[in-house]
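# A closer look at the structure
Residues per chain are reported as follows:
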Amino acid sequence: MAIIGIGIDMVSVKRFKRLIICYGFLIPNKILSKKELIEYKIYNNKEKFLSIRFSAKEAIAKALGIGIYKNMFLKNCEIMHDSYGKLVVRMYGFLKKKIKKLKVKNIFLSITDSFKYTQSIVIIEN
């Protein structure tokens, strides 16, 4: 197997708190998939939830070498947990086609967060 790309991103949790205050539900609606929106609604620390998802999606986009604002990237990339709590990345729409074209076998995602920051690193291999 070979590494296709590596991506890393770090965001301020405070930034997402300000965005939620200013724009309300428009922000999560722009960043999250339908399933993520359901989870977001019941999550207590909404700014942390958004910072984690955004950081992860940005790192994935960097690893793939594409921008997050094209072809609904944010809505077509989904970060969920499996039954064991492990992060799972799912792709839909044009991203699913891109992943198939690149013959992606594994997407490794690791997220760390603190009170102030969230950081994600992604390794994609075929």
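Residues numbered from 1 in each chain as written. Predicted model: local features only at pLDDT ≥ 70, side-chain atom pairs only at ≥ 80, totals over all residues. Heavy atoms only, no water.

## Some remarks on the packing of helix α3 (residues 34-42) against helix α4 (residues 46-64)
Remark: α3 packs on α4, axes separated minimally by 9 Å, with the N-to-C direction vectors making an angle of 150 degrees. Here α3 lies roughly antiparallel to α4, going by the angle between them. For α3 against α4, the interelement crossing comes out right-handed. When α3 is examined against α4, the residues Glu 36, Glu 39, Tyr 40, Lys 41 and Ile 42 are found in contact with a partner set consisting of Lys 46, Phe 49, Leu 50, Arg 53 and Lys 57. Looking at the contact of α3 with α4, its residues break down into four nonpolar, no polar and six charged. (Axes fitted to C-alpha atoms, helices over the stretch in contact; angles between N-to-C directions. Helix = DSSP H or I, 4+ residues; strand = E, 2+ residues; numbered from the N terminus. Parallel < 35°, antiparallel > 145°, perpendicular 65-115°, else oblique. Left-handed = near helix turned anticlockwise from the far one by under 90°. Contact = heavy atoms within 4.5 Å. Nonpolar A, V, L, I, M, F, W, Y, C, P; charged D, E, K, R; others polar.)

## A closer look at the environment of Met 80
Along the polypeptide, Met 80 turns up in strand β2 (residues 77-81). On the basis of relative accessibility, which here comes to 13%, the residue Met 80 falls in the buried class. Distance from Met 80 to Val 11, taken between C-alpha atoms, is 19 Å for residues 69 residues apart in sequence. Ignoring anything within four residues of it in the chain, the contact list for Met 80 reads Lys 35, Glu 36, Glu 39, Lys 86, Leu 87, Val 88 and Arg 90. (Buried < 20%, exposed > 50% of the residue type's maximum accessible area, 1.4 Å probe, protein only.)

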